[in-house]
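An overview of the molecular structure
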Amino acid sequence: MSLLEVQHVSQHFGSLVAVNDISMVVETGELRALIGPNGAGKTTFFNLISGFFKPTAGRIMLDGHDITGLAPHQRVALGMARTFQITEIFPELSLRENLRIPVELAYGLRLSPWLAPAANTRINERIDELIDMGGLAGNANRLVGELALGDQRATEIMMTLALKPRLLLLDEPTAGMGSHETYSTAILIRKLHRQQKLTIVLVEHDMRVIFNLADRITVLAEGAVLDEGAPDDIAASEKVQAAYLGKAA
Ligand SMILES: Nc1ncnc2c1ncn2[C@@H]1O[C@H](COP(=O)(O)OP(=O)(O)OP(=O)(O)O)[C@@H](O)[C@H]1O
Ligand SMILES: [Mg+2]
């Protein structure tokens, strides 16, 4: 059974059709890239998958269960996590404090008035593990607002991983980054995909990142699927080239 199955979803904003009858199937363990020109509907499509919008039409299935009517937090409880196009962290808190929030949530201990020493140890160990996994050692006690953009993005990704998702949705994780940070973010995504066996759907503009990471690529244009296939097929697709060149011209 496929992990995620999107069936004929549409999203209208008044007379604008931002997502027009999109279907997409993502298998467990896959790293899928979602690409397309600005305004193609990628973020809107993510908002539909993660439950921030209710689709005007269509169904969304996770593990074969219809989740179309579920709220975002209910989807998180079923193993879906996402990051946003603009980094969502608490800049005035340290890296440890940022990670503590989702780790306590994951253990059902958020806002407990008192933590047993054993629970506190378990939380701290999990925070350390996430800091290591994210390549963030050395930054643990620094304010996140003072970290480089790549490390802030890694913090945000590790915050979502604290919830132990099976499906991770990343909206432009390298947005605003230079080539060095883009490279290290791509390495982190690949590592999480391979080591944690995470299924990932990634919206990305950087073609080198996409062609290095993706198992399959879905191309959106004007709210619809223009093409889908392995990276080599998409690179050779005349339809895709025309869509991008058409925008650039
Ligand atoms: N909440 C909203 N209300 C009205 N229109 C919206 C809303 N969100 C998005 N749109 C419109 O829907 C279309 C698709 O936008 P979307 O943000 O999904 O594109 P995108 O592919 O993510 O673009 P980008 O690459 O610039 O991030 C655009 O025309 C946008 O203006
Ligand atoms: Mg977007």
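Structure: see above.
What comes next is a walk through the structure. All values derive from a computational prediction rather than experimental measurement.

What follows concerns the site of ligand 1. Close to ligand 1 lie 14 residues; G39, G41, K42, T43 and T44 are nearest. In this structure, an oxygen atom belonging to ligand 1 sits 3.2 Å away from a main-chain N or O atom of A40. In the environment of ligand 1, an oxygen atom lies 2.6 Å from a nitrogen or oxygen atom belonging to the side chain of T44. Notes on ligand 1: free accessible area 630 Å², of which the protein chains cover 63%. Elements with a minimum of two residues in the shell around ligand 1: β2 (16-26) and α1 (42-50). Broken down by element, the residue count for the shell around ligand 1 peaks at three residues, all from α1. Of the residues assigned to the shell around ligand 1, the class counts are five nonpolar, seven polar and two charged.

This brings us to the packing of helix α5 (residues 149-161) against helix α6 (residues 179-195). Relative orientation of the contacting elements α5 and α6 amounts to 20 degrees, with a least axis distance of 9 Å. On the basis of their axis angle, the class for α5 and α6 is roughly parallel. Crossing of α5 against α6: the hand is right-handed. Residues L149, G150, A154, I157, M158 and L161 of α5 form the contact with α6, whose own contacting residues are E181, T185, L188 and L192. Residues of the contact of α5 with α6, tallied by class, amount to seven nonpolar, two polar and one charged.

In this section: the pattern of salt bridges. What the rule picks out here adds up to nine salt bridges. A salt bridge links R32 to E228; its shortest N-O distance comes to 3.5 Å. Taken together, the positions of R32 in strand β3 (residues 31-35) and E228 in strand β10 (residues 224-229) put the pair 196 residues apart, joining distant regions of the chain. Note on E228: relative accessible area 29%, which makes it partly exposed. Across the salt bridge formed by R153 and E156, the nearest N and O atoms sit 3.5 Å from each other. With R153 and E156 both in helix α5 and three residues apart, this pair spans about one turn of that helix. As far as burial versus exposure is concerned, R153 and E156 are alike and both buried. It is possible to trace a salt-bridge network through shared partners that takes in E30, R32, R216 and E228.

Each value, and the rule that gives it
Residues numbered from 1 in each chain as written. Chains lettered and ligands numbered in written order. Predicted model: local features only at pLDDT ≥ 70, side-chain atom pairs only at ≥ 80, totals over all residues. Heavy atoms only, no water. Near = heavy atom within 4 Å. Polar contact = N/O pair within 3.5 Å; in protein donor to acceptor, adjacent residues only side chain to side chain. Areas by Shrake-Rupley, 256 points an atom, 1.4 Å probe, with all protein chains shown as cover. Helix = DSSP H or I, 4+ residues; strand = E, 2+ residues; numbered from the N terminus. Nonpolar A, V, L, I, M, F, W, Y, C, P; charged D, E, K, R; others polar. Axes fitted to C-alpha atoms, helices over the stretch in contact; angles between N-to-C directions. Parallel < 35°, antiparallel > 145°, perpendicular 65-115°, else oblique. Left-handed = near helix turned anticlockwise from the far one by under 90°. Contact = heavy atoms within 4.5 Å. Salt bridge = Lys/Arg side-chain N within 4 Å of Asp/Glu carboxyl O. Buried < 20%, exposed > 50% of the residue type's maximum accessible area, 1.4 Å probe, protein only.

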